[in-house]
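# Fold and geometry: a report
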Amino acid sequence: MKPKVAFFDFTSCEGCQLEVLNFEQEVLQLLNLLEIVNFRELMTERSDDYDIAIIDGAISTDADVARIKEIRERASILITIGACSSLGGVNCLKNAYPMEEVLSVVYGDAAGYYNTIPARPVSAVVPVDYALPQCPVNKAEFLEVVKALLLGKKPEIPNYPVCAECKMAENACVFDLGRTCLGPVTRAGCNALCVTWGRHCWGCRGLVDDPNVDAATDVLKEHGLTAEDIVNKFRIYTAWTGGSE
Amino acid sequence: MTHLKIDVHHVTRIEGHGNIIVNAKDGAIEEVRWEVPEAPRFFEAMMRGLHYHDVNYVSPRICGICSLAHNTASIEATEAAFGIQPSEQTLLLRKLLFHAETLQSHVLHSCFLVAPDLLNVGSVIPLAESHTEVVVRALRLKKFSNDLADVIVGRKTHPLTTVTGGFTKFPDESALKSVRPRLLEAIEDLDRMVELFKSLEMPDFVRETEYIALKRPDEYAFIGGDIASTDTGSTPPENYLEITNEYCVPHSTAKFTRHNRDSYMVGAIARYNLNHSQLLPKAAETAAQLGLTAPCHNPFMNTVVQLVECVHAAEDALAILDHFIARGVKNEKPIEKVQAGRGVGVVEAPRGLLIHDYTFDEKGYLVEANCVIPTNQNHMNIQKDFEALLPGIVNRPEGEVKLLLEMLVRAYDPCVSCSTH
Amino acid sequence: MEDKVISKADFSSMVDRLIQEGEYDSIEGVKTKDGKYFFGSLTNSGELCLDYDVTLLPPKKYFLPQRETVITFRQGERPAPEPVAEASSVVLIGVHPYDLKAMELCEAVYSAPPADPNLMIRKSKTVVIGVDCLNPNPQSFSASMGFATTESGYDLMLTDIGDSYVVSVGTDRGADLLARYGRAADATATNLARRDEVREMSLGRYEKSLSMPADEIPAILNETWDSRVFAEKSEVCLSCGSCVMVCPTCVCFDVEDTVALSLDSGERYRKWDSCMLTDFAKVATGENFREDRESRFRHRMHRKGKYLLERYDKPGCVGCGRCGLACLVDIALPADTYNLLKEAS
Amino acid sequence: MEMHLTPQASIHLPRLAELVRAEDITRVERVYEFKLADGAELGHRPGQFVEVSLFGIGEAPISISSSPTKRGTFEIAVRAVGNVTNALQKLEVGSTVGIRGPFGNGFPVEEFKNKDLLIVAGGIGLFPVRSLINFVRDNRAHVNRLIIVFGCRRPEERLFCDELATWSQCEQTEFLETVDTCDESWTGNVGVVTSLFPKIDIDAEDTYAVVVGPPVMYRFVVNECLKKGIPEDQIVLSLERRMKCGVGKCGHCQMDGSYVCQDGPVYTYSVLKQMKEAI
Ligand SMILES: Cc1cc2nc3c(=O)[nH]c(=O)nc-3n(C[C@H](O)[C@H](O)[C@H](O)COP(=O)(O)OP(=O)(O)OC[C@H]3O[C@@H](n4cnc5c(N)ncnc54)[C@H](O)[C@@H]3O)c2cc1C
Ligand code: SF4
Ligand code: SF4
Ligand code: SF4
């Protein structure tokens, strides 16, 4: 029996679902292994009978909260893909402001029509079995996780900083090039993608389990960042500090 | 008494969440509504205080499908604010990227989201068996356009190398050369898609509206230019507010817009109606083959126009690629310059006119932002199309009515989560 | 063996000929990017930089790649595992003496019984052309490790004496390569005197050094297990593993299985691992045998300074300074720690 | 020097073995009997281990639990805690696995000759020492006295109950047993393993103690052994560390300068005492 898989999207850019759709070569093989019963962006049929729920997007409205709880009850395995569902993602940038303020900045006088709550990762509302952060989700890692689950193996999500992979990729260190980077505290697994393409790490895979944030903060300061810059840097992906279920 | 009650909660095969509500009794329409319940994300509020580099990085997260368009609009707005004139190479690379995104987005839409309706199935999955060749070609086209973007920006969704003032890394000759034969193959695949669509029939429905798109004297516009309307002519981008006039309605978290009439349309049809004379030869020929004549007032034809644009994009991409293969890509440092000020960036995302408007302080931190998304501009036009389409079909079976309304929504290729950024 | 001399122009033509004739699968040498150096494939001699200070990664990557398939297998009833040892013929140009010494250690580790053939096969298919390091990087202390120059580990060794290189021939294979591809003459006494002079001058350019003879390090480590130096230095450690990833003598790896999407076949691969990473010594039941930064930091210092030396009779650190350059909190350079321990003891 | 380096020499290539029998010991522990596909003997010493491969899942180091005197097949006993060990539980008889090894030094069986042997096993520490116990029982003249002390947390967690019964009934084997906690149905000794020590009377100079169990147990049991006067180099322990290659290359099992996979897993207390990272 092929496991039944359902995809659900919450507050997000839907880039993660698109990344999954971007398995041009692999998608046909995947369909041999899984039965996709719910994928709103791709198909009209839907079913509430599924084993694995794959979630993208953060939780940011009261309706989201109710919906994710319902999904958790039905799914035996719940996986979050992407930074939004796994960490809260860029959605949490708004949490720096009062909700009335963000509503009125965007909707002006009509702010009263709408509901919003501070954005949060899925794990803040229901237990998550496996979280695959990254913005957008790492296709290769997603495939590895799917295969691991099919084999009955626990997926391996790295618990060490991006620096290690960045060295293996033989990049020049961003700090040596006169810029700054969150690689030293960010969970690896992307092969230091951004640095390899001439940028720095923004932290889209979230922090490692035991980050030395104090030491990293000192490093950032030494490289010319103000305390405010540092807050801004961390808040892009790791603004959610409310813990998990 | 017959009661027609339609409540499509979350239309499928579109990007984001939208609902269709219809209530009719004995052929009398009591209620017909396009609703957008998407959770809003507040980019304009939450990006405030970010450094411009981070703004350019965060703003593409407005939309995973047209992240390149957002990224480019964001960068162009920033450059306008700082008074940066990017190099010719930068502009050319950006155009090549746009073609990659247009291709990938249009192929995804026409083959994966729309084609199932025309072939009477619920998704592309059964087509993998019944129309294997089409699906394989469509997948190959999509993969090609993704890979073309990958070579230049590192990954298709949420580009990496694009920054204010230029690029951080450049494709080498061998990478560009390896792409070229695949581009030729893509052009062939597109021909076959065109063949397929020639045989498919689009619903016959016509409603003329106002069409708005960018217009440039030199080419079929995708980046920059003036904002042109079929009703009122051209407006410089800085004055976009005169065109968009955004307003809120309680049943939609996305804002609506209006200009000269109750609604206007943006996207492939709008571009085609305004700029069809600038299509490259092969694209113009394709339009003729598909029976397309300007102006086009049938929104269902949007998908067909998208195919024409794919041919145009592939054609132009080949010219640009050949230019870079012949001349090489120079390793240019991004231009750095920061000053306080406001800038507006305008581009034609696959779904239509996209505007980013930023104000920065003297250190380059964002003070204020406004983003107008193509789908915002189309929401009201969808509503107006519903109102025009429904009376003619209200007596048909419920399933048929529902399908036609859904197909109409899909024709617009709406990017709903994007519109509630 | 004998010493030759070759003009720089002739050496460049030698490299170009090596590239063009295709006798070897690839010609690898030191190139530059972002103001740093790295070993990469050469497409013409103009890309080669022989006056570099240090490469980002050591040439170890050619013998022990970052990720390497070690066996393939089928899934199901008949797994039929097959060993994999991929190796191509390579000429590797521009290896500094410390990296040659480091390779000798790697070889010692991998040839200790039971020997690992993968590394050894690659080594045997690689012709190594070394070059003396005349402008050491600011963290290098290889001179005090005794590795400013080396008498072994290369097929050919170049020393830049101005317009030409003195070429020390280390092996028959090197002599043969030089004879077939290069136009070298016998080195004159003046050439050799000049070589000694430039080598001598380079010694003055090391900014870092040990405050004790290198062979005292094990004894110092023996006495200082509980020294506060370890706790103090490691407090700011990011556990990022950078120091290990860039090290020419670090050889530890992790092993994982992965399967094809069809789930019918797969491979087992090994990839670089680092004892500075938090979970390196953690077992399935949750116990972590080096749970805190201090114990990991101490372990690395002992491994570099003592364990490897005692086991393989070759130093576990060659003083290349890469770890010092890579460490963002400036604690990784073994010389700094050994000097502090010496002071404290 | 000529080196014949064929890929066949790969340190990573397992031999194939067939699962011929599997039986539950407890809910999470199971014993597996394997037969090498080429019909060869494993050729191990008590205290050695193998790397068990489940292709696609991974490898895990597991002690050989049967005695070398058992011919034709060998046994391992495994607690399911992770990927490989969980997947083993689902393995059906007739399946093929990969085996590398035997690795490690094993117990210094030769030194036990004509001595008294005191074996102390805690929990699944019994898995490796079972090999030694059965070896000695099959070569009973090899040692003088054979004293076995076994402790586990509760009666339900007792392992190899049939064999425990045999040992306790055998005249030539002295067998003591305890559980940490229990209900009324248990009539035996209650308390940690060290609580049995006062009951053991030995000629310390002539005794070798073999101690295997969870890390916490070592300190206490070694202390008791020392108190009884057993010389430090006659106290033998088997350790566990993270392992990947089993052949002294991957670095994971390093403890001070020692590679547990090669120099160990068996060490005498006199050696371990010198090591800072041992216990
Ligand atoms: C010398 C030795 C003998 C052992 N004998 C037995 C035995 O007889 N019976 C038994 O049930 N268990 C034994 N173990 C423990 C057993 O190896 C681990 O429980 C097992 O490796 C867990 O692997 P896993 O794949 O199920 O778990 P995962 O957590 O999925 O492990 C992943 C990988 O981590 C490593 N690893 C994790 N835990 C350990 C560990 N404790 N020791 C070494 N490597 C580890 C392995 O390389 C493993 O492949 C022994 C360990 C050692 C070192
Ligand atoms: S480098 Fe950092 S920001 Fe980039 S993908 Fe990796 S974790 Fe995300
Ligand atoms: S420990 Fe540091 S200095 Fe020593 S060899 Fe390794 S990287 Fe070089
Ligand atoms: S010593 Fe430095 S380089 Fe090494 S792990 Fe610690 S912080 Fe990273």
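Look up a bit, the structure's there.
Residues numbered from 1 in each chain as written. Chains lettered and ligands numbered in written order. Predicted model: local features only at pLDDT ≥ 70, side-chain atom pairs only at ≥ 80, totals over all residues. Heavy atoms only, no water.

Of regular secondary structure, chain B possesses 14 helices and 14 strands. For a compact globule of 421 residues, the expected C-alpha radius of gyration is about 22 Å, and chain B comes in at 21 Å, within 12% of that figure. For the C-alpha atoms alone, the extent of chain B along its principal axes is close to 70 × 45 × 35 Å. The long-range fraction of contacts in chain B, counting pairs at least 24 apart against all pairs at least 6 apart in sequence, stands at 71%. With an accessible surface of roughly 13,600 Å², chain B has 50% of that area assigned to carbon and sulfur atoms. (Helix = DSSP H or I, 4+ residues; strand = E, 2+ residues; numbered from the N terminus. Rg over C-alpha atoms; globule rule 2.2 N^0.38 Å. Contact = heavy atoms within 4.5 Å. Areas by Shrake-Rupley, 256 points an atom, 1.4 Å probe, with all protein chains shown as cover.)

All names here are of chain A. At a minimum axis distance of 10 Å, the contact between helix α9 (residues 213–222) and helix α10 (residues 227–238) shows a crossing angle of 125°. Taken together, the axes of α9 and α10 are oblique relative to one another. For the element pair α9 and α10, the recorded crossing hand is right-handed. Residues Val 213, Thr 217, Leu 220 and Lys 221 of α9 lie in contact with α10, whose contacting residues are Ile 230, Lys 233 and Phe 234. Among the residues forming the contact of α9 with α10, the class breakdown is four nonpolar, one polar and two charged. (Axes fitted to C-alpha atoms, helices over the stretch in contact; angles between N-to-C directions. Parallel < 35°, antiparallel > 145°, perpendicular 65-115°, else oblique. Left-handed = near helix turned anticlockwise from the far one by under 90°. Nonpolar A, V, L, I, M, F, W, Y, C, P; charged D, E, K, R; others polar.)

Listed as interface residues are 66 residues of chain B and, on the opposing side, 58 residues of chain A. Applying the counting criterion to the chain B and chain A interface returns one salt bridge. One salt bridge connects Glu101(A) with Arg48(B), and the closest N-O pair in it is separated by 2.9 Å. The interface formed by chain B and chain A includes 23 residue pairs in polar contact (both at pLDDT 80 or more). (Salt bridge = Lys/Arg side-chain N within 4 Å of Asp/Glu carboxyl O. Polar contact = N/O pair within 3.5 Å; in protein donor to acceptor, adjacent residues only side chain to side chain.)

Now for the site of ligand 4. Taken together, Cys237(C), Leu238(C), Ser239(C), Cys240(C), Gly241(C), Ser242(C), Cys243(C), Met276(C), Cys327(C), Val329(C), Ile331(C) and Ala332(C) make up the full set of residues near ligand 4. When the residues that make up the shell around ligand 4 are grouped by side-chain class, the tally is nine nonpolar, three polar and no charged. (Near = heavy atom within 4 Å.)

Further remarks concern the arrangement of the chains. With four pairs of chains in contact, the largest contact count belongs to chains A and B. Across the gap from chain B to chain C, with no contact made, the nearest C-alpha atoms are 11 Å apart.

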